[in-house]
Amino acid sequence: MLKLITFVSLLVSQVAAHGWVQEITLGSKVYTGFLPNTDNAQNPPPARIVRRIPDFNPITDLTRIDLQCGGSPTYQTAPAPLVGQIAAGETAKLNWTAWPANHKGPVLTYLAKAPEGVDITQWLPGTDAVWFKIDEVGKENGRWAASDLLTAASGVWSVKIPENLAPGQYILRNEIIDLHSATTYPGIQFFPSCAQIEVTGSGTGVPTELVSIPGVYTPESPGIVWDIGVEGDYTPPGPSVWTGEV
Ligand SMILES: [Cu+2]
């Protein structure tokens, strides 16, 4: 009986296996991600540059504050103790654990700049409009960003920090959206991961289109209710991508 229970729970954990960002490379510097299975077993958890998540389960409520960085009712989007370093124009590589092939959807990346005089290790953006999008991929040639393109890249999602981005402390929010049960709302699943980074350089770029998270997505936003069985293009939800042009 015990063997049967072990076997069944193993099956359940495999079916439910989503993922998280296990490692981040900023330029050439490598940082360990927040590893919920092992980090949450320690009190306090190990110091990371990534904000804490409770587990690999999705956020499904568009109004929940944890849509921001994947926190939980116990530690909502708590800041992380460390800050990574990257120069504007360098590439951030977000290494996700194995992503289920049937969890199809876009991958999006946002930044939010900590206000002057506020250290990012203390900053909670709340519902302030501070977020701007720097990257999004829905489908390319019929292949979804998640998991087709992500898996083809060995789970590493690469995103360039805009060359002209003004220096400062930012939250880098990489988000996988899973549409496999999104034919009605609720149903869509969000997997955000927030890394705290210090961007260096002499850029002067300041984005103009800022959104709040939560707030940016509503059940009526294009791309929130979707049938992945439908052929054709998919435009990810949220604002347009800011490229850093002045
Ligand atoms: Cu799932």
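Residues numbered from 1 in each chain as written. Predicted model: local features only at pLDDT ≥ 70, side-chain atom pairs only at ≥ 80, totals over all residues.

What to know about the sheet that holds strand 4 (residues 91–96)
Taken in spatial order, the 4 strands of this open sheet run 2-1-4-9, and their pairing is antiparallel. Only two strands of the sheet have a single partner each, and these edge strands are strand 2 (29–32) and strand 9 (156–160). The average undirected angle you get between the axes of adjacent strands in this sheet is 20°. With 5 bridges joining them, strand 1 (residues 21–26) and strand 4 adopt antiparallel strand pairing. Across the sheet, residue V21 finds its bridge partner in strand 4, namely W96. (Pairing = 2+ DSSP bridges. Helix = DSSP H or I, 4+ residues; strand = E, 2+ residues; numbered from the N terminus. Axes fitted to C-alpha atoms, helices over the stretch in contact; angles between N-to-C directions.)

Focus on unusual backbone geometry
That bond from A146 to S147 is cis: its omega, 0°, falls within 30 degrees of zero. As for its position among the elements, S147 is in the loop between strand 8 (143–144) and helix 3 (148–152). Unlike most non-glycine residues, S154 shows phi in positive territory, near 55°. Topologically, S154 is positioned in the loop between helix 3 and strand 9.

Brief notes about the confidence of the model for the protein chain
Considering every residue of the protein chain, the mean pLDDT works out to 92; 91% of them sit at 70 or more. In the predicted structure, residues 4–15 sits below a pLDDT of 50 and forms 0 contacts with residues beyond four places in sequence or in another chain. (pLDDT = per-residue confidence, 0-100. Contact = placed C-beta atoms within 7 Å.)

Here's the deal with the sheet that holds strand 6 (residues 131–137)
Taken together, 5 strands build an open sheet; the order of strands is 3-11-10-5-6 and the sheet is mixed. Each edge of the open sheet is held by one strand with a lone partner, namely strand 3 (84–87) and strand 6. Between one strand and the next, the sheet's axes are offset by a mean angle of 35°, whatever the strand orientation. As defined by bridge partners, strand 5 (residues 107–113) adjoins strand 6 across 6 bridges and the pair is classed as antiparallel. Across the sheet, A112 pairs through a bridge with W131, a residue of strand 6.

Thoughts on the nonpolar core
Core analysis: the biggest nonpolar cluster contains 54 residues, and I24, V50, L111 and Y170 have the highest contact counts within it. Among the secondary structure elements, those contributing two or more residues to this core are strand 1, strand 4, strand 5, strand 6, strand 10 (168–178) and strand 11 (189–200). Per element, the largest residue contribution to this core is 6 residues, and it comes from strand 11. Sequence-distant contacts of Y170, defined by excluding residues within four places in its chain, comprise L111, A112, K113, A114, I197 and V199. (Core = buried A, V, L, I, M, F, W, Y, C linked by C-beta atoms within 7 Å. Buried ≥ 20, exposed ≤ 12 C-beta atoms within 10 Å, placed from the backbone.)

Points about the pairing of strand 2
Looking at chain direction, strand 1 and strand 2 are connected through 4 bridges and run antiparallel. Paired with L26 across the bridge in strand 2 is K29. With antiparallel pairing between neighbouring strands as the criterion, strand 1 and strand 2 make up a hairpin whose turn holds 2 residues, including G27 at a positive phi of roughly 60°.

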